[in-house]
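Tertiary structure, described
Residues per chain, in single letters:
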Amino acid sequence: MARSIDIDIPDQSGRLAVVTGASDGIGFVIATRLAGAGADVVMPVRSTAKGEKAADRIRGQVPGAKVTTRPLDLSSLDSVAAFVDQLVGEGRPIDILVNNAGVMTPPSRQLTEDGFELQFGTNHLGHFALTLGLLPLLREGRARVTHQTSVAARRGAINWGDLNWERSYDARKAYSQSKIAVGLFARELDQRSALAGWGITSNLSHPGVSPTNLLAAQPGMGRQRDTGSVRLIRVLSRLGLAGTVESAALPALLAATGAGSRGSEFYGPRRRGDISGPPGRRDLWPPLRGMDDARRLWDVSEGLVGARFTA
């Protein structure tokens, strides 16, 4: 059932799109669809070899596709700064930024290069620094910025007293926090843009549940084999009871390109309790509603990433 779900992507010819996490999974589908609609797509990737292989796959599927890869490790603020400097130096305005990349539930607490808990540091702080660093190009392009959150953000909270989970690491709660932070940042960015006249619209999406590699074996994160959850999701997807990778990409594509999509709005699947189905506008989950939390998170995040990345 989910396999037949699709949306039309408006013509993106001449527009520049930056998609994180595009070397596989949902991000790969997003980048492919944007390239197929005519956009010039930049794929920031941690593994150059994996990124080039993905770019070649896109070129094979989309004749004439304009896709390039650039090195970016969102768990390193130095890497984020180098990527930002490269794009700002080139000076081309950005029309679309999709903050899609992420890591999920390493079984033991791990740290980024800068000493942050891996999920909070990568999923939120890496994208926060990236977006603020690219702000001049986003403003010039009057960009739409779409932030990919997760069903894990339906409940939970920001652990204000221990953002880095130093005292009692819980992989799932830490992941939930990171994805709540993604959503709160999306909303605060849109509000600040509206107040300051930046011309940026910022919204958020979630993919539902689909068989991506987030819960698959990842020895680098201490996961030696596929989790039981991802094996179950693969079965449910084949039965049409969960989304496919292709359908899971559609909410972000709708948020990023839809003619009627607006800032601060939330897009996701509309069936089976947010798990699958055609994409559409959704009500914000309770943890994503508090603008006091959004403002507080912005201020805290600016302090954590440092003066290199400010609005």
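You'll find the structure just up there.
Because the structure is predicted, anything quoted here is derived from the model rather than measured.

Observations regarding the overall build of the protein chain
- Scanning the protein chain from N- to C-terminus turns up ten helices and eight strands.
- Residues counted as buried form 57% of the 311 residues belonging to the protein chain.

Observations regarding the packing of aromatic side chains
- Applying the stated criterion across every chain, the model contains four aromatic pairs.
- Each ring, one from Phe128 and one from Trp298, has its centre 5.4 Å from the other, and the planes form 85 degrees; the classification is edge-to-face. Of the two residues, Phe128 is situated in helix 4 (residues 118-133) and Trp298 in helix 10 (residues 291-305); the sequence distance between them amounts to 170 residues. Residues Phe128 and Trp298 agree in their burial class; the two are buried.
- With centroids separated by 5.7 Å and ring planes inclined at 55 degrees, the aromatic side chains of Phe185 and Trp298 adopt a geometry described as tilted.

A word on the side chain of Glu117
- Here Glu117 shows up in the loop between strand 4 (96-99) and helix 4.
- One buried charged residue, Glu117, remains without a salt bridge, the closest side chain of opposite sign being Arg109 at 6.5 Å.
- Here Phe120 takes part through its backbone nitrogen, which lies 2.9 Å from a polar atom of the side chain of Glu117.

Focus: the packing of helix 1 (residues 25-36) against helix 9 (residues 250-257)
- Viewed as axis vectors pointing N to C, helix 1 and helix 9 meet at an angle of 45 degrees, and their least axial separation amounts to 9 Å. Here helix 9 runs oblique to helix 1, going by the angle between their axes. Between helix 1 and helix 9 lies a crossing whose hand is right-handed. Residues Ile30, Arg33 and Leu34 of helix 1 form the contact with helix 9, whose own contacting residues are Leu250, Ala252, Leu253 and Thr257.

Digging into the sheet that holds strand 6 (residues 201-205)
- Spatially, eight strands are ordered 3-2-1-4-5-6-7-8 in an open sheet, and the strand pairing comes out mixed. The sheet is open, and its two edges are formed by strand 3 (66-71) and strand 8 (276-282), each paired on a single side. In this sheet, adjacent strand axes meet at a mean angle of 20 degrees when their direction is disregarded.
- Direction of pairing for strand 5 (residues 144-148) relative to strand 6: parallel, over a ladder of five bridges. Paired with Arg144 across the bridge in strand 6 is Thr201.
- Where helix 3 (residues 77-90) meets the sheet, it contacts strand 1 (16-19), strand 2 (40-45) and strand 3, and its direction lies at approximately 135 degrees from that of strand 3.
- Across the sheet, helix 9 is in contact with strand 4, strand 5, strand 6, strand 7 (266-271) and strand 8; its angle to strand 5 comes to roughly 160 degrees.

Side note on the pattern of salt bridges
- All chains considered together, the criterion is met by eleven salt bridges.
- Within this structure, Glu188, Arg192 and Asp299 form a network of salt bridges that share partners.

Brief notes about empty space enclosed by the protein
- Applying the stated criterion across every chain yields a total of two cavities of 30 Å³ or more.
- Estimated volume of the largest cavity: approximately 50 Å³.
- If you trace the largest cavity, you find it lined by Asn99, Ala101, Asn123, His124, His127, Phe128, His147, Gln148, Lys179, Val182 and Phe185.
- Residue assignment for the lining of the largest cavity shows that the elements contributing at least two residues are helix 4, strand 5 and helix 6 (171-196).
- Top contributing element to the lining of the largest cavity by residue count: helix 4, with four residues.
- Across the lining of the largest cavity, the residue classes tally to four nonpolar, six polar and one charged.
- Of the voids in this model, the second largest cavity is the one considered here, and its volume is about 40 Å³.
- When its residues are assigned to classes, the lining of the second largest cavity shows three nonpolar, four polar and one charged.

Cut-offs and rules
Residues numbered from 1 in each chain as written. Predicted model: local features only at pLDDT ≥ 70, side-chain atom pairs only at ≥ 80, totals over all residues. Heavy atoms only, no water. Helix = DSSP H or I, 4+ residues; strand = E, 2+ residues; numbered from the N terminus. Buried < 20%, exposed > 50% of the residue type's maximum accessible area, 1.4 Å probe, protein only. Phe/Tyr/Trp six-rings, centres within 6.5 Å; stacked < 30°, edge-to-face > 60°. Lys, Arg positive; Asp, Glu negative; His and termini not counted. Salt bridge = Lys/Arg side-chain N within 4 Å of Asp/Glu carboxyl O. Polar contact = N/O pair within 3.5 Å; in protein donor to acceptor, adjacent residues only side chain to side chain. Axes fitted to C-alpha atoms, helices over the stretch in contact; angles between N-to-C directions. Parallel < 35°, antiparallel > 145°, perpendicular 65-115°, else oblique. Left-handed = near helix turned anticlockwise from the far one by under 90°. Contact = heavy atoms within 4.5 Å. Pairing = 2+ DSSP bridges. 1 Å grid on protein atoms, 1.4 Å probe; cavity = no way out; pocket = protein on both sides within 12 Å on 5 of 7 lines; lining within 4 Å. Points joined across faces, edges and corners; volume = space filled by probe spheres on them. Nonpolar A, V, L, I, M, F, W, Y, C, P; charged D, E, K, R; others polar.

So yeah, pure geometry; function would need other evidence.
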